[in-house]
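Architecture and fold: a report
If you want the building blocks of each chain, they are given just below.
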Protein chains: 8
Amino acid sequence: MDNGRLKQLLQQVADGRLPVAEATEQLRHIDYEDIGFAKLDHQRELRRGFPEVVYGAGKSAEQIAAIFERLHAKSRRSIIATRCDADKYAAVAQLAPQVEYNATARMIYIPAEGLRSSGLVAVLCAGTSDLPVAEEAALTAELMGARVERVYDVGVAGLHRLLAHQRLIAEARVLVVVAGMEGALASVVGGMAAAPVIAVPTSIGYGASFEGLAALLSMLNSCSSGVVTVNIDNGFGGGYAAALINRQSAC
Amino acid sequence: MDNGRLKQLLQQVADGRLPVAEATEQLRHIDYEDIGFAKLDHQRELRRGFPEVVYGAGKSAEQIAAIFERLHAKSRRSIIATRCDADKYAAVAQLAPQVEYNATARMIYIPAEGLRSSGLVAVLCAGTSDLPVAEEAALTAELMGARVERVYDVGVAGLHRLLAHQRLIAEARVLVVVAGMEGALASVVGGMAAAPVIAVPTSIGYGASFEGLAALLSMLNSCSSGVVTVNIDNGFGGGYAAALINRQSAC
Amino acid sequence: MDNGRLKQLLQQVADGRLPVAEATEQLRHIDYEDIGFAKLDHQRELRRGFPEVVYGAGKSAEQIAAIFERLHAKSRRSIIATRCDADKYAAVAQLAPQVEYNATARMIYIPAEGLRSSGLVAVLCAGTSDLPVAEEAALTAELMGARVERVYDVGVAGLHRLLAHQRLIAEARVLVVVAGMEGALASVVGGMAAAPVIAVPTSIGYGASFEGLAALLSMLNSCSSGVVTVNIDNGFGGGYAAALINRQSAC
Amino acid sequence: MDNGRLKQLLQQVADGRLPVAEATEQLRHIDYEDIGFAKLDHQRELRRGFPEVVYGAGKSAEQIAAIFERLHAKSRRSIIATRCDADKYAAVAQLAPQVEYNATARMIYIPAEGLRSSGLVAVLCAGTSDLPVAEEAALTAELMGARVERVYDVGVAGLHRLLAHQRLIAEARVLVVVAGMEGALASVVGGMAAAPVIAVPTSIGYGASFEGLAALLSMLNSCSSGVVTVNIDNGFGGGYAAALINRQSAC
Amino acid sequence: MDNGRLKQLLQQVADGRLPVAEATEQLRHIDYEDIGFAKLDHQRELRRGFPEVVYGAGKSAEQIAAIFERLHAKSRRSIIATRCDADKYAAVAQLAPQVEYNATARMIYIPAEGLRSSGLVAVLCAGTSDLPVAEEAALTAELMGARVERVYDVGVAGLHRLLAHQRLIAEARVLVVVAGMEGALASVVGGMAAAPVIAVPTSIGYGASFEGLAALLSMLNSCSSGVVTVNIDNGFGGGYAAALINRQSAC
Amino acid sequence: MDNGRLKQLLQQVADGRLPVAEATEQLRHIDYEDIGFAKLDHQRELRRGFPEVVYGAGKSAEQIAAIFERLHAKSRRSIIATRCDADKYAAVAQLAPQVEYNATARMIYIPAEGLRSSGLVAVLCAGTSDLPVAEEAALTAELMGARVERVYDVGVAGLHRLLAHQRLIAEARVLVVVAGMEGALASVVGGMAAAPVIAVPTSIGYGASFEGLAALLSMLNSCSSGVVTVNIDNGFGGGYAAALINRQSAC
Amino acid sequence: MDNGRLKQLLQQVADGRLPVAEATEQLRHIDYEDIGFAKLDHQRELRRGFPEVVYGAGKSAEQIAAIFERLHAKSRRSIIATRCDADKYAAVAQLAPQVEYNATARMIYIPAEGLRSSGLVAVLCAGTSDLPVAEEAALTAELMGARVERVYDVGVAGLHRLLAHQRLIAEARVLVVVAGMEGALASVVGGMAAAPVIAVPTSIGYGASFEGLAALLSMLNSCSSGVVTVNIDNGFGGGYAAALINRQSAC
Amino acid sequence: MDNGRLKQLLQQVADGRLPVAEATEQLRHIDYEDIGFAKLDHQRELRRGFPEVVYGAGKSAEQIAAIFERLHAKSRRSIIATRCDADKYAAVAQLAPQVEYNATARMIYIPAEGLRSSGLVAVLCAGTSDLPVAEEAALTAELMGARVERVYDVGVAGLHRLLAHQRLIAEARVLVVVAGMEGALASVVGGMAAAPVIAVPTSIGYGASFEGLAALLSMLNSCSSGVVTVNIDNGFGGGYAAALINRQSAC
């Protein structure tokens, strides 16, 4: 809990405006909302300027709709559920008609009111098989207020496809590089860019990719400075971090 | 090679000021300097605003001194060599007396002329054994122009030590979290901070840390959004990325 | 075989009340019951005060029903079968109508006669996806006679949700912490609690969780003393060990 | 921070006995002591009833002596530094003559004043090579107030050596089983004991033990219920957890 | 190719009974039969006294039936196809009615004419989930002429179940121990037996068994001498090696 | 981009025949064709003498047909799509009737006009289960212009089957050895051949093959010099490299 | 404890020749001798016909000499200590002059009185670097009474070196195959031999041997039936198992 | 054994010029020379056109000198010993003064008489730390008759350094790419070259390179076709395979 709120609360106690018992209670309960199957962290919006994101994989349509309703009631920011297939979207849309859907990114969402985009996040991917992860990153960053440019299918086996985008690479405030197999694209882009590069390994590849381990290790060992890495197939995480950096650059 | 320089060069050719053969040559050779045992990438300063950094581990004092001399002649930015023990520093200092040394971070360096610090990078570490990596991160960021605040020995086993620094955590433009063992500090800080968190796993720990694997996987799987990861014990990489983000935030 | 029983048996031989051949036989066979497809370890109840538990995954409904019948005939303790889906429960219930079922924990069981609960086991989990494992732990402990308090969805990304339960954490005689991803919750709770913490890693997470390896290593490397670990997704094992500790504390 | 102290402090504020600014400060700083190179967590004694333990591996004799002095000044509990070789002990003893040393366990310590032992912790190990880890566990538990019985060199290759100790195994309130190689001793003891078993894998073994990985996985996969595991070679961790359980059993 | 046959062939050449060209050809082709989709190694029966065994997993019923027909025409030994489910058996039985089937072991086979059993192979398994692998081992050994005794469900968690079979363990000429989870049974039996023990790890277990890796490493690191190991779930391999050893003991 | 083309373009600029802006554009865009969901690398034919190959696994029949049409329009070389099952072939054949199909290799393809074969590539495999990978290698090499000889089912367990093919092994210009399990065939062939050997590990095997890891490590560690390795199950990669080497040998 | 002794002891109790208390005691203590730092398992000679073997790595010369003295006093079998370097031998020889030493195998030993050799164990190794492990296997088998033939430096890269020993391979009653790198020798020998093959992987090899993992996996996945595996570099284990099998063949 | 020699030998037998017994003997013994501690494979020169190479790591100077003498007496090809430090060279040079030494490559060698170079092998490496491995590859290829061009320190972080060598990359008949860290150089060169690329991963890198695993996996997963891989740090293997391919191209 941040210092300002603590002081204010203590001041109210000192002023006698707030009984001790109630203050104790408030210190425990004001920060989240318990809706039975989940504890919604409304305070996260205060800390991050962005509400909690729903990991949709193991949740029912009813649960997602309920969470969206609660978050939407408390926030005017974008609301996101990741890892939702088309069937789940259809079911959620029955219950919460205002939701939108991006089938490639497998995301259900409600854009923030008056969502504007600023800064510049470049999202690059190596092959067409990496598209779902790349699109998850791009859409996440957009819903968090970033202007996003997509450059897809620019693997290093045909370097000239990548070199054609040097201007964008130089101008972006942060880059998200999505690649499977050996993940070399991250290092090459890292050597060309002035801004930080967020590398997102994907699980695409033949046997010895070991479900993305090869790309992950490759990116962690990048010989280019300024490359940081997130989890395998975690497009959301890459887009989220990119949006945070982009937002800082913009303000 | 960036677009503007390409256009300029082509324009010179079009104007007849530059013969085709020479232009072809220039396109090949202007970008780096071959000093025998290494090819110095002076262009990197153009791209990143920061000269090449020397990985000191496998290099002789003579090589490091020679590289420092060449880089220093071409740049007024800070110059850094990482992973240098005290003996190597002593030998380099014989050849290049202007170098400075930080024993904890094991770095030899020449600060940029008139180095000023701006923004705010918070470097936190979990235990005293993580100090060398944390200090490598902190000094790197400082030499790249960041204002750095250090918060050391705040592992999650005694959470109150960390909570006492909530204001700094909230205010930093980017945070570097250095931890070995289970690396939980990154997730906890990630849940408290508004800015992006760069997690640096260290190889500190009992047997099943497997030389830092445990902390690395922990950080890659952080349940807190906005946490990105670099290589094990790579304090330099963490500090470099932090400085890039901090610089963007500052401009 | 315990010493007391050995002495008694030898005394009977010495007294001539028990022929040598029969004693030899008894020493071999009194301890378990062979029902064809399994050898039921009735002696386990003597050693542990709790009958053998059935791992339901690879067994048919007929087998489970038969084992329940035999165990129930010999013991008045709770009887448990883990990893049983709803279909298996339905089939078992046809054969053994007295069984009960917990769908989240996927457990079929018959509570002990006059089951009373004592002590205090706190079961915490980090996210809603960890619920099945957490519930398996909680129900196991309850059926073994522990009073259980559940605190779910308190991952470290929103620390205040956890801090609100500090009193429970301080008062529990043993805590079970269930978490996937980076499993940091175990370390944070370990730093807050006075009692031992049993960490249960789950297989929940993105690619580099490697089916729970990340959480497992994280928990094994906890910087908090007093944290011990069981197998991935082994809620039963966590609940069982907690109940043993709780029972010792209670007596 | 526990609830009682929070209420008391708030009450003081409410009563006007404590100004808001000072209360804010207290909430931040009362919990630990910053001695420059470390932050001593004096509050840990309140939470756990046992002061912070020093991981001696990367610390100088001066640092260890200083920490001992500070902890000793604030606490009358036992104080422990692990992983200290004989040379380090000699150096520490120069600075802090009251310290004692156990060469097998590689521990420097000051026993608690009037240390009494209660309960019963059994520490078993499989081979003579496991002795340092076993002794670290045993001494830790003793310094935390447990009565400890040692049963060493009882690997399962000669089962009768183990069976001879059945009475102790049945009577212990908690057992610590230390084993390298295949770590089977933990499962066998787990099948014989009524109390919880803390398994400590060691790095002893031929090539495919992979520095203790084999024993670790073996123990995590124990077919005996009630077996929990700590990190490889972490005798301290095993002894600490055993002492916590033993203490609960005793009170 | 064995020495005797080489000498004989060379003698025929020396005697002028065999032209050089034909001898060259024979040296290449007499040893196997090419039936299009496979090269049947009839010579294996000469070398091993047992014909080639068919790995049924990736083969069609037609292929298995054809191979059985060819092997059966050339040999009077038992013929075996492993890893065949009930559907494949049904299809093969249509084409080759003389085949028999063991559903637990998932093996199709034709017993040798006048198959007699000699020696004594003991096959033990830890849990009922290990039965398919154990039965594959037992049936393989029987079809190769061994007398087999089965002792199932004798995991070390209830040691008395195992101790009841000490006489068999002492008398067997070779033992096959099949176990998943931590595979401790192999070490315990290895400590009780006079004969060599073949350990067969299975993939049974919770998450950190990593599909049998835990049991495999455990068995490879057995503290009991005389324990050797085969591949995970490779009951056939365990039974085959046991039969080889048993046959040597018997002759 | 190759040097000759760069010089020519610069000459055109120097001659005033090409405006600077257009030259800049050309340098960026002449090298590939963007067809929306993919960027076709037509330049690859210039570099490698072989057009881009389509990884069919994640692509729709429409996408594959479209890529085939575009590549076929620009090239008269063979066109290949790998990892296509029979259903996908049927769908593609509806849209692009000229395609052919090899069901074992799971490849859709259009052979080059007037495809001739030269040199000699030997493709060997250890078992019948390795056939799909071996056939993918063989067909790839054939479509790239190599004469291919197949020697299948010659695993080292029956060495004489392999020794019968010594002449072919000695004469081949390059050999592709496909094997799962322990992959020993690569080393044995490597010891017999004069030409380089490309080893292709397959994922065939019991548990501890870990999806081909055993064969992969085996091949990387071959005691025979001249053995190089590609990814697990990557028959295409093995055949492609073999065709490159064979082509060089032939010219 | 074996059945016969149990019956005898019970009979003595029944006959009144043995008081109950003493019988209870005997059942506990007759089986081993506690010499302070170790519990010597004299019963092992009864079970295995071979006394306990000393793992010399972590033991002092004094300890080894003491154990040798005790074992030698109780047994006339060979006595062995493995993993002893020349310095340790020199020290032990001071205390126990009758010991002998094999420097390649790093073993200290006292041969059995009147040691005779029977049967035939063939020990093969792939390269000269594997010699220490191979010699440890060979000497162990010899000291246990086996006739041993050594065939060293016959790696599969030069197959003819191996084929020259076909007769020995066919005649041995059991074979020990020692190999590092890819360990292919085990499979090739397994395809040539009639008897069981014990494969011993060594840690010899370039980087991706991962300290013997490559050879270990290779041997576990052998396509030749009848191959069993022991731990990496465990020549003792391989020789021990071979001697057990050889002894059974001989009797 | 090759077919021609077999025919010739059989013809001699048929002609009565060679007794059967002697022929049998010859077939066994002509192929190698046993010099006590090693079996020299002189036949390898017949098969490969290059004599056996000595792995110097575990051999004494005396052994290396003896092998050089024997190989030199039988062959006029280059002779090589790898992994020899300067001390070993000094000792060998005492015994065999004609040997030469390359300190970077750590190789002792005698060049072939009249060694000529043909073809073109390009050896590239990413960083100066990769130099020893790269030089081992380059010198090996040279000693086997290849013309070699070295291009060192061209990591992808500064792509222009690499692009400056496009002509060489296009013209080489085979390329050896040596890189540690993420090994991306192999993929980038693979995308630029027309000839096959042999990738050699090195163990250079921070923690998560895991001694070269990251680079190895990266290279095995290269998105560029025509890239094949050898073992970690195996410069010799890379150079050897390159020389084989280059020689085929040249003839």
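The structure this text deals with has already been given above.
Right, let's walk through the structure included here. Remember, predicted model here, so these are calculated numbers, not experimental data. Along each chain, residue indices are assigned from 1 in the same order as the chain's sequence is written. Chains and ligands are labelled sequentially in the order written, the chains with letters from A and the ligands with numbers from 1. Given that the model is predicted, a residue must reach a pLDDT of at least 70 before its local features are reported, and side-chain atom pairs must reach 80 or more before they are shown or counted; all residues, however, enter totals for whole chains, interfaces and linings. As a rule here, side-chain values cover all heavy atoms of the structure and leave hydrogens and water aside.

1. Section: the relation of the copies chain A and chain B
For these two chains of identical sequence, chain A goes onto chain B by a turn of 180° and a shift of 0.0 Å along the axis, with RMSD 0.1 Å. Such a combination of rotation and displacement between the chain copies is what one expects of a two-fold axis. Taking C-alpha positions as the reference, the residue of chain A nearest the rotation axis is A:S249, at 2.1 Å. By the convention used here, residues are in contact when the closest approach between their heavy atoms is within 4.5 Å. Mapped onto chain B, 100% of the interface residues of chain A again fall at the interface, so both copies present the same surface. The atoms used to superpose the copies are C-alpha atoms, taken from residues with pLDDT of at least 70 in both, and the fit is least squares.

2. A few points about the side chain of D:E182
Tracing the backbone through its elements, the reader meets D:E182 in the loop between β9 (174-179) and α9 (184-192). Non-local contacts of D:E182, meaning those with residues more than four positions away in its chain, are made with D:V156, D:A215, D:S218, E:S187, E:S218, E:N221, E:S222 and E:C223. Helix and strand assignments come from DSSP, with helices taken as H or I runs of at least 4 residues and strands as E runs of at least 2, each series counted from the N terminus.

3. Examining a negative patch on the surface
Patches here are clusters of residues that have more than 30% relative accessible area and form no salt bridge, with a 9 Å joining cutoff for like charges and a 5 Å cutoff for nonpolar side chains (Val, Leu, Ile, Met, Phe, Trp, Tyr). All accessibility values rest on the Shrake-Rupley procedure with a 1.4 Å probe; residue burial counts only the protein chains present in the view. The working definition used for a salt bridge is a side-chain nitrogen of Lys or Arg within 4 Å of a carboxyl oxygen of Asp or Glu. His is not counted here, nor are the chain ends, while Lys and Arg score as positive and Asp and Glu score as negative. The atoms used to mark charge sites are NZ of Lys, CZ of Arg, CG of Asp and CD of Glu. A cluster of like negative charges, contributed by A:E211, C:E211, E:E211 and F:E211, occupies part of the molecular surface. Following the sequence through the fold, E:E211 ends up in the loop between β10 (197-201) and α10 (213-220).

4. What about the packing of helix α4 (residues 61-74) of chain G against helix α5 (residues 86-95) of chain G?
Residue and element names in this part refer to chain G. An axis is simply a line fitted to the C-alpha atoms; with a helix, the fit covers only the stretch in contact. Between two such axes, the angle follows the N-to-C directions and lies from 0 to 180 degrees. It is the contact of α4 with α5, at a shortest axis distance of 9 Å, that shows an interaxial angle of 50°. When the axis of α4 is compared with that of α5, the two are oblique. Once α4 is placed against α5, the crossing between them reads as right-handed. When α4 is examined against α5, the residues A61, E62, I64 and A65 are found in contact with a partner set consisting of K88, A91, V92 and L95. Note that Gly is not counted as nonpolar here; it falls among the polar residues with everything else outside the nonpolar set of Ala, Val, Leu, Ile, Met, Phe, Trp, Tyr, Cys and Pro and the charged set of Asp, Glu, Lys and Arg. Class assignment for the residues of the contact of α4 with α5 results in six nonpolar, no polar and two charged. By definition in this entry, angles of less than 35 degrees are roughly parallel, angles greater than 145 are roughly antiparallel, angles of 65 to 115 are roughly perpendicular, and the rest are oblique. Each crossing gets its hand from how the near helix is turned against the far one by less than a right angle, where anticlockwise is left-handed and clockwise is right-handed.

5. A closer look at the packing of aromatic side chains
For this analysis, a ring pair means two rings from Phe, Tyr or Trp (six-membered ring only for Trp) whose centres lie within 6.5 Å, classed as stacked if their planes differ by under 30 degrees, edge-to-face if by over 60, and tilted for the remaining angles. Scanning all chains against the criterion turns up 24 aromatic pairs over all chains. Both rings, one in A:Y89 and one in A:Y101, keep their centres 4.6 Å apart while their planes meet at 5°; by these two values the pair is stacked. Here A:Y101 lies in strand β5 (residues 100-102) and A:Y89 lies in helix α5 (residues 86-95), a separation of 12 residues in the sequence. Only protein chains enter the area calculation, which uses a 1.4 Å probe; residues under 20% of their type maximum are buried, those over 50% are exposed, and those in between are partly exposed. Exposure remark for A:Y89: the relative accessible area of 25% places this residue in the partly exposed category. Relative to G:Y55, the ring of D:Y206 has its centre 5.7 Å away and its plane inclined at 50°; by these criteria the two rings are tilted. With one member in each of two chains, D:Y206 in the loop between β10 (197-201) and α10 (213-220) and G:Y55 in strand β3 (residues 54-55) form a pair that bridges those chains.

6. Digging into the relation of the copies chain A and chain H
In screw terms, the move from chain A to chain H is a rotation of 180° and a rise of 0.0 Å along the axis, fitting with an RMSD of 0.1 Å. The fraction of interface residues of chain A whose copies in chain H are also interface residues reaches 100%, indicating that both copies meet through the same surface.

7. Brief notes about unusual backbone geometry
All names here are of chain H. Even without being a glycine, R106 presents a positive backbone phi close to 55°. Its identity as a non-glycine residue notwithstanding, F210 has a phi of 45°, on the positive side. Here F210 shows up in the loop between β10 (197-201) and α10 (213-220).

8. With respect to the interface of chain A and chain B
Much of the literature gives interface size as the accessible area that the parts lose upon coming together. The partner chain B presents 36 residues to the 36 residues of chain A that form the contact. Two parts placed together each lose some accessible area; with a 1.4 Å probe, that loss summed over both constitutes the buried area. Counting the surface lost from both chain A and chain B, the interface buries some 2900 Å², and carbon and sulfur atoms represent 46% of this. Connecting chain A to chain B are zero salt bridges. Nitrogen and oxygen atoms within 3.5 Å of one another constitute a polar contact, given that in protein one can donate a hydrogen and the other can accept it, and given that sequence-neighbouring residues count only through two side-chain atoms. On the surface where chain A and chain B come into contact, there are seven residue pairs in polar contact (both at pLDDT 80 or more). If you list the elements that add at least two residues to the side of chain A that touches chain B, you get α3 (43-48), α8 (166-171), α9 (184-192), α10 (213-220), β11 (227-229) and α11 (235-250) of chain A. Here the side of chain A that touches chain B gets eight residues from one element, more than from any other, and that element is α11(A). When grouped by side-chain class, the residues that make up the side of chain A that touches chain B number 19 nonpolar, 11 polar and six charged.

9. A short note on the pattern of salt bridges
All names here are of chain A. Throughout the structure, instances matching the rule amount to 49 salt bridges over all chains. The residue E142 makes a salt bridge to R150 at a minimum N-O spacing of 2.9 Å. Overall, E142 belongs to the partly exposed group, its relative accessible area being 25%. Judged by its relative accessible area of 30%, R150 is partly exposed.

10. Digging into the packing of helix α10 (residues 213-220) of chain F against helix α10 (residues 213-220) of chain G
Angle between the axes and distance between the axes are the two parameters that describe a pair of packed helices. Packing of α10(F) against α10(G) brings their axes to within 8 Å, and their N-to-C directions diverge by 125°. Here α10(F) is positioned oblique relative to α10(G), judged by the angle of their axes. As α10(F) runs across α10(G), the sense of the crossing is left-handed. Contacts between α10(F) and α10(G) pair F:L213, F:A214, F:L217 and F:S218 from the former with G:L213, G:A214, G:L217 and G:S218 from the latter. Of the residues in the contact of α10(F) with α10(G), the class split is six nonpolar, two polar and no charged.

11. What about the interface of chain A and chain H?
The interface of chain A with chain H comprises 23 residues on the first partner and 23 residues on the second. Carbon and sulfur atoms make up 71% of the area that chain A and chain H hide from each other, which totals about 1900 Å². Here chain A and chain H share zero salt bridges between them. For the pair chain A and chain H, the number of links is 10 residue pairs in polar contact (both at pLDDT 80 or more). Of all the secondary structure elements, the ones that give two or more residues to the side of chain A that touches chain H are α7 (159-163), α9 and α10 of chain A. Per element, the largest residue contribution to the side of chain A that touches chain H is five residues, and it comes from α10(A). When its residues are assigned to classes, the side of chain A that touches chain H shows 15 nonpolar, seven polar and one charged.

12. Remarks on the sheet that holds strand β5 (residues 100-102) of chain C
Residues and elements named next belong to chain C. The rule for pairing is simple: two strands pair if DSSP sees at least two bridges between them. Read from one edge to the other, the open sheet built from four strands follows the order β3-β4-β6-β5, with strand pairing classed as mixed. Two strands lie at the open edges of the sheet, namely β3 (54-55) and β5, each paired on one side alone. Both β3 and strand β4 (residues 79-82) contribute to a ladder of two bridges, which runs parallel. The residue of β4 that forms the bridge with Y55 is T82. On the sheet, helix α4 (residues 61-74) packs against β3, β4 and β6 (107-110) and is oriented at approximately 160° with respect to β4. Contacting β4, β5 and β6, helix α6 (residues 131-143) crosses the sheet at an angle of about 10° to β6.

13. Concerning the pairing of strand β8 (residues 146-151) of chain H
Residues and elements named next belong to chain H. The pairing of strand β7 (residues 118-125) with β8 spans five bridges and is parallel. If you follow A122 over to β8, its bridge partner there is E149. We call a crossover right-handed when, viewed with the strands running away from us, the connection from the first strand over the helix to the second turns clockwise. A crossover links β7 with its parallel partner β8, the connecting element being helix α6 (residues 131-143), and its sense is right-handed.

14. Quick look at the environment of D:R167
Residue and element names in this part refer to chain D. If you trace the backbone, R167 turns up in helix α8 (residues 166-171). Under the relative-accessibility criterion, R167 is labelled partly exposed at 42%. Along the backbone, R167 and L40 are 127 residues apart, and their C-alpha atoms lie at a distance of 42 Å.

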